[in-house]
Amino acid sequence: MRSVHAVVLSLLLLSLSACALLPNRDPLNINVVGFEPLQSQDMEVRFAVKIRVQNPNETAIDYNGVALDLSVNGQPLASGVSDQSGSIARFSETVLTVPVSVSAFSVLRQTLGLSQTQTLNNLPYVLRGKLAGGLFGTMRFTDSGKLSLPGAITGTW
């Protein structure tokens with residue numbers, strides 16, 4: 001019975017010390033800084049999302065892939081991935097460009113949702129993504145805000 005308690009106690013201590021080895025990092029600061037049109041195919045629209053990534057940590061962040069999901073007005077709109085890799089130095093920032101695709105069905109869903117709001121101003125968006133960095137190095141992030149899309153002179157349609 002003592003050996004069982006000793007094994008359980010050893011596993012508990014080992015798991016607690018393993019948590020101490022994980023890096024204690026502050027979350028990344030992410031801002032959407034631009035959209036650029038890309039060549040589209042068939043029934044999809046493609047554009048490049050530019051995001052500014054700020055590293056407020058004392059250590060560099062190495063990444064080897066980026067993934068994004070963009071929702072507008074509470075509905076999924078676009079998603080994209082990039083296999084770019086690099087490093088964001090400590091207390092530094094960089095701008096990453098990720099190509100995303102918008103399917104025709106997403107456009108239709110957004111159009112139906114916008115017809116209920118009657119305005120193209122102050123549409124809420126949420127950008128979720130991750131910088132891949134291996135088993136324990138992946139950093140997830142979220143950015144949200146309001147979009148104002150160009151519309152008629154009165155701002156309604």
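Calculation criteria
- Residues numbered from 1 in each chain as written.
- Predicted model: local features only at pLDDT ≥ 70, side-chain atom pairs only at ≥ 80, totals over all residues.
- Heavy atoms only, no water.
- Salt bridge = Lys/Arg side-chain N within 4 Å of Asp/Glu carboxyl O.
- Helix = DSSP H or I, 4+ residues; strand = E, 2+ residues; numbered from the N terminus.
- Phe/Tyr/Trp six-rings, centres within 6.5 Å; stacked < 30°, edge-to-face > 60°.
- Buried < 20%, exposed > 50% of the residue type's maximum accessible area, 1.4 Å probe, protein only.
- Polar contact = N/O pair within 3.5 Å; in protein donor to acceptor, adjacent residues only side chain to side chain.
- Contact = heavy atoms within 4.5 Å.
- Core = buried A, V, L, I, M, F, W, Y, C linked by side-chain atoms within 4.5 Å.
- Pairing = 2+ DSSP bridges.

Caption draft 1: How the structure looks around the pattern of salt bridges. For the structure shown, the criterion picks out two salt bridges. Note that Lys-50 and Glu-36 form a salt bridge whose closest N and O atoms lie 2.9 Å from each other. Remark: Glu-36 occurs in strand β1 (residues 29–37) and Lys-50 occurs in strand β2 (residues 44–55); sequence separation between them is 14 residues. The salt bridge involving Glu-93 is made with Arg-52; its shortest N-O contact spans 3.1 Å. One end of the pair, Glu-93, is in strand β7 (residues 92–103); the other, Arg-52, is in strand β2, and 41 residues separate them in sequence.

Caption draft 2: View of the packing of aromatic side chains. Applying the stated criterion across every chain, the model contains one aromatic pair. Arranged with centres 5.4 Å apart and planes meeting at 65°, the rings of Phe-35 and Phe-47 form a pair that is edge-to-face. Taken together, the positions of Phe-35 in strand β1 and Phe-47 in strand β2 put the pair twelve residues apart, joining distant regions of the chain. Given the relative accessible area of 40%, Phe-35 is considered partly exposed. A relative accessible area of 13% means that Phe-47 is categorised as buried.

Caption draft 3: The side chain of Asn-57, seen in detail. In this structure, Asn-57 sits in the loop between β2 and β3 (61–63). Its relative accessible area of 6% is what places Asn-57 among the buried residues. At 2.6 Å, the side chain of Asn-57 forms a polar contact with the backbone nitrogen of Asp-26. Contact partners of Asn-57, with chain neighbours within four places excluded, come to Arg-25, Asp-26, Arg-90 and Phe-91.

Caption draft 4: Representation of the nonpolar core in the model. Judged by nonpolar contacts, the single largest core of 26 residues is most densely connected at Ile-51, Val-53, Leu-68, Leu-70 and Leu-131. For this core, the secondary structure elements donating two or more residues are β2, β3, β4 (66–72), β5 (75–82), β7, β8 (123–131) and β9 (139–147). Once residues lying within four places of it in the same chain are set aside, the contact partners of Val-53 are Leu-28, Asn-29, Ile-30, Ile-88, Ser-92, Glu-93, Thr-94, Leu-96 and Leu-131.

Caption draft 5: Quick peek at unusual backbone geometry. In the Ramachandran plot, Asn-73 falls in the positive-phi region, its phi being about 60° despite a non-glycine side chain. Looking at where Asn-73 falls in the secondary structure, it is placed in the loop between β4 and β5. The partly exposed category is assigned to Asn-73, whose relative accessible area is 23%. Unusually for a residue other than glycine, Phe-91 sits at a positive phi of about 45°. You can see Phe-91 is positioned in the loop between β6 (86–88) and β7.

Caption draft 6: Seen up close, the pairing of β5. Taken together, the seven bridges between β4 and β5 define a ladder with antiparallel strand orientation. Each bridged residue has a counterpart across the sheet, and for Ala-67 the counterpart in β5 is Val-81. Taking the residues between adjacent antiparallel strands as the criterion, β4 and β5 are bridged by two residues, where Asn-73 takes a positive phi near 60°.

Caption draft 7: Quick peek at the environment of Asp-83. Inspection of the secondary structure puts Asp-83 in the loop between β5 and β6. In this structure, the C-alpha to C-alpha distance between Asp-83 and Ala-132, residues 49 residues apart in sequence, is 9.3 Å. Excluding its chain neighbours within four sequence positions, the residues that come into contact with Asp-83 are Asn-64 and Gly-65.

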